[in-house]
Amino acid sequence: MSPSDLLILPFEDWINAFVRGFLVPNFRPLFRALQVPVNEVLQGFDAFFAWVPMLAVTAAFALLAWRVVGRGMAIVTIVGFCFIDMIELWPETMTTLAMIITSVLFCTVIGVPIGILVARSDRAWKLTRPILDIMQTVPSFVYLVPIVMLFGVGMAPGIIATIIFALPPIIRMTNLGIRNVRGDLIEAAEAFGATPTQTLLEVQVPLAMRTIMAGLNQTLMLAMSMVVIAALIGAGGLGLVVNTGLGRLNVGQATAGGVGIVILAIVLDRITQGFAEPGKGQKTGLIAALKSFVSGQTVEPASQTYSDKTA
Amino acid sequence: MTIKLKVENVSKLFNDKRGEGLSLLKQGRAKDEIFRDIGVTVGIDNVSFEVNEGEIFVIMGLSGSGKSTLVRTLNGLIKPTMGKIMIGGDDVASCDAKRLREIRRREITMVFQHFALFPHKTVAENVAFGLRVRGLGKDERRQAAIEALARVGLQDHADSMPDQLSGGMQQRVGLARGLATDPEILLMDEPFGALDPLIRREMQDELIVLQKELKKTIIFITHDLNEALLLGDRIAIMKDGAFVQVGTAQDIVSHPADDYVRAFVADVDRSRVFTASDIAKDADHIPVHTKAIRALAVMDKAGVDLAHVVDAKEMLVGAVTRETLEAAKPDTPVADLMDTDVPSVSGESYINEMYTAAQSGAPIAVTDEDGKFVGSIEPASIFGHLASDESAGDDEDGTADDALPPQPAAPEPLGSDVRDAKQERPNQ
């Protein structure tokens, strides 16, 4: 005896009817249109990373890692990237990198303003929070089904799935960062006649920057994992290598793809963490001064670029 | 004297969404009763006052008295439930956001208890913040910031970050930020409350010196009565959201309005509150060319044994005693008989600066800032003014005279110009 003996809900049919009968015929053009900007940006990055020589990319990342994290990380970057190149996965890695950068870019563009918005209105935050909770609870695989239904298969749908999957942390952390700005600082800004926009750009965003950066790091990591899964619906890059390896039971190929992903993940994670960690890269001691003297103005520590960004 | 800020019947109720609390308050219900019945907190209860140009108006109260709420209504950070706050021709309580910003940018700034410096901006950028939101160019801002920093002696730290400075220095930056836009009114919300005592003392003295030069209208919030008495031209004592008493330091110490204020002033060091001109008495003085016989007649009439001698411009030149006059020939001019080494103090001196002058036991001459003779103080009467017993302050003549030879010349305290004297606080 179980409830199903009494009543069977045709849940599957309902969803099918809703998606196939309503969403797809009525909103297909809209979903197609949504892909356009994603596709444009993705192809731009993809073409760029395909064009830049491997050594230049490695040098740029090594320099960034050196300035933001330290010498050790720079060496890891160089060794890791050379390894990827030597196992002949460089083009795939660059595709994955382009996909990740595209997703993170869209996540930032969408997530930071939403985060700011919900930080300023308790009501908006109450509405947004359960949505974010759901987004973070739904397993990444489950996203893929409606995405395929609505957007089709290919690179752009893969990126869109990634964007949706990786969006919550940056919204949460932006919200948190803005809300945690000391009340008397906001009061001070207001007392000197700052408009709400001036208060936001001059005080709140710069002070929330580290927390936002931590959110960006989380988003990046989620994007990283999703980009691989997105290969299931036709996105390329290292994910495809792993998938193909799995399909053919080619352990070597799958492992090679996996190692490439791990190396890329480590490098990106450490660099973005470096931006988010307090105290890193903002010391004005002798060594830091010498470093900036040697390397010129390549990379400014995060804390000092606040005013420039908001100016 | 121009009135810079006028506050009329301002009340602020928290949590009063339906306006019930306000109507109950208007009916004269007690605040705790209102809170108990409908959960509405009365932050400010019908406060009215005026602040004159160039005055330091101190609002003193313990925590929870509503002083911080009150000061925040003055620049519109908190909107009062009712009442008017007039700055120039504008009512801060009711003007629109745009006008309010304009007022904040030009006419009224604020110094905060915990400095509230922006940690991501340099000292100069912090100071120039008000000018930045006003839209001034980079060079102009920088110049104004350096000027404001020079006023507080920190021009060399313009490019430091705030967390590299000590607490006292940070609050100086806060003060410079308040001054950089050259506002008419400066709100100071317990600005020295977070500093340790020595630094606080230093900052208080510095503010007094700075104020002499700037002559800003300052509304100063504090919970420290000694600070209030030291800085305030006028002081408002606040309790439970309402003003208990408003007056000069001397008023409050000598005539506390009720037991609450009395309890506060009980521990006050009166020797730092009253000045020589507060306690000096009118005394007959003798022009320098008077003959001894005439001088004796004056002293007989006044019933004193010592009189101060002044020149044609009323400047203090010396003192003569009955003894010398009686011993001399009747037509000798006083000028030949007087003792030129007379203990004297300036009218602005506090009692605690008069102890040396009082050592000789002779009456102390009190002079104004030009050196003109304004009155004298019997050393013994000083003690009367130090007693915290209210009657001593109330009846300034009685107590003082008990210990002295009768002094028929009706002596009136010269307390009327305390305000002027108060502004010139000498460095100790």
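Quick caveat, the model's predicted, so the values are computed rather than measured. Positions within a chain are numbered from 1, following the residues in the order the chain's sequence is written. All chains are assigned letters beginning at A, and all ligands numbers beginning at 1, according to the order in which they are written. Totals for whole chains, interfaces and linings use all residues, but because this is a predicted model, local features are given only for residues with pLDDT of at least 70 and pairs of side-chain atoms are given and counted only at 80 or more. Processing note: side-chain calculations cover all non-hydrogen atoms of the structure and skip hydrogens and water entirely.

K.L.:
Would you explain the packing of helix 7 (residues 140-151) of chain A against helix 8 (residues 155-179) of chain A in this entry?
P.N.:
Packed helix pairs are characterised by how far apart their axes lie and by the angle those axes make with each other. Residue and element names in this part refer to chain A. Across the interface, helix 7 lies against helix 8 with an axial gap of 10 Å and an inter-helix angle of 135°. Considering their axes alone, helix 7 and helix 8 lie oblique with respect to each other. The two elements helix 7 and helix 8 cross, and the hand of that crossing is right-handed. Of the residues in helix 8, those in contact with Ser-140, Tyr-143, Leu-144, Ile-147 and Phe-151 of helix 7 are Pro-157, Ile-160, Ala-161, Ile-164 and Phe-165. Every angle, taken between N-to-C directions, lies between 0 and 180 degrees, and every axis is a line fitted to C-alpha atoms, over only the stretch in contact when it is a helix. By the criteria applied, helices consist of DSSP H or I runs no shorter than four residues and strands consist of E runs no shorter than two, each listed in order from the N terminus. Any angle from 65 to 115 degrees is called roughly perpendicular, while one under 35 is roughly parallel, one over 145 is roughly antiparallel, and all others are oblique. By convention, the crossing between two helices is left-handed when the near helix turns anticlockwise from the far helix through less than a right angle, and right-handed when the turn is clockwise. A contact between two residues is defined here by any heavy atoms of the two lying within 4.5 Å.

K.L.:
Would you mind showing me how to read a nonpolar patch on the surface here?
P.N.:
All names here are of chain A. Any residue with relative accessible area above 30% and no salt bridge may belong to a patch, with like charges joined within 9 Å and the nonpolar Val, Leu, Ile, Met, Phe, Trp and Tyr side chains within 5 Å. Surface accessibility in these figures is a Shrake-Rupley result with a 1.4 Å probe; residues are shielded only by whichever protein chains are displayed. Salt bridge criterion: a side-chain nitrogen from Lys or Arg within 4 Å of a carboxyl oxygen from Asp or Glu. There is a patch of nonpolar side chains on the surface, built from Met-1, Leu-6, Leu-7, Leu-9, Phe-11, Trp-14 and Ile-15 and spanning about 900 Å² of accessible area. Among the elements that make up the nonpolar patch, the one with the highest residue count is helix 2 (residues 11-51) (3 residues). For Leu-6, the position within the fold is in helix 1 (residues 3-6). Residue classification places Leu-6 among the exposed positions, given a relative accessible area of 68%. Whether a residue is buried, partly exposed or exposed follows from its accessible area with a 1.4 Å probe, protein chains only, as a fraction of its type maximum: under 20%, in between, or over 50%, in that order.

K.L.:
Even after reading the chapter, I still don't get unusual backbone geometry, so can you show me in this structure?
P.N.:
Most of the time, phi is negative for any residue but glycine, and the peptide bond is trans. Even without glycine at this site, Leu249(A) takes up a positive phi of about 55°. Here Leu249(A) is to be found in the loop between helix 11 (238-247) and helix 12 (251-276).

K.L.:
Could you clarify how one ought to interpret the pattern of salt bridges in this entry?
P.N.:
Opposite charge on two side chains makes pairing possible when the charged atoms of those side chains draw close. Residues and elements named next belong to chain B. Summed over all chains, the structure comprises 23 salt bridges over all chains. For Lys-67, the salt bridge goes to Glu-190, with nearest N and O atoms at 3.3 Å. Of this pair, Lys-67 sits in helix 3 (residues 67-74) while Glu-190 sits in the loop between strand 7 (185-189) and helix 9 (197-214), and the two are 123 residues apart along the sequence. On the basis of relative accessible area, Lys-67 is assigned to the buried category, the value being 4%. A relative accessible area of 8% means that Glu-190 is categorised as buried. The closest approach of N and O atoms between Arg-151 and Glu-213, which form a salt bridge, is 2.7 Å. Of the two residues, Arg-151 sits in helix 7 (residues 138-151) while Glu-213 sits in helix 9, which places them 62 residues apart along the sequence.

K.L.:
What am I meant to see in the environment of Phe264(B) here?
P.N.:
Residue and element names in this part refer to chain B. Within the secondary structure, Phe-264 sits in helix 12 (residues 259-265). Taking the C-alpha atoms as reference points, Phe-264 and Val-253, 11 residues apart in sequence, are found 9.0 Å from one another. Excluding residues that lie within four positions of it along the chain, Phe-264 makes contacts with Met-60, Leu-62 and Leu-225.

K.L.:
Help me understand the nonpolar core, please; the structure alone is not making it clear to me.
P.N.:
Note on soluble globular proteins: their nonpolar side chains tend to be buried together. Ranked by size, the top nonpolar core spans 77 residues in total, and within it Val57(A), Phe61(A), Phe81(A), Ile100(A) and Leu268(A) carry the most contacts. Looking at this core, the element that brings in the most residues is helix 10 (residues 196-229) of chain A, giving 14 residues. One finds Leu149(B), Leu179(B), Val268(B) and Ala358(B) within the second-largest nonpolar core, a separate group that totals 61 residues. Only buried residues count toward a nonpolar core, which is a set of Ala, Val, Leu, Ile, Met, Phe, Trp, Tyr and Cys residues joined through side-chain atoms within 4.5 Å.

Read these as spatial facts, not as claims about activity.
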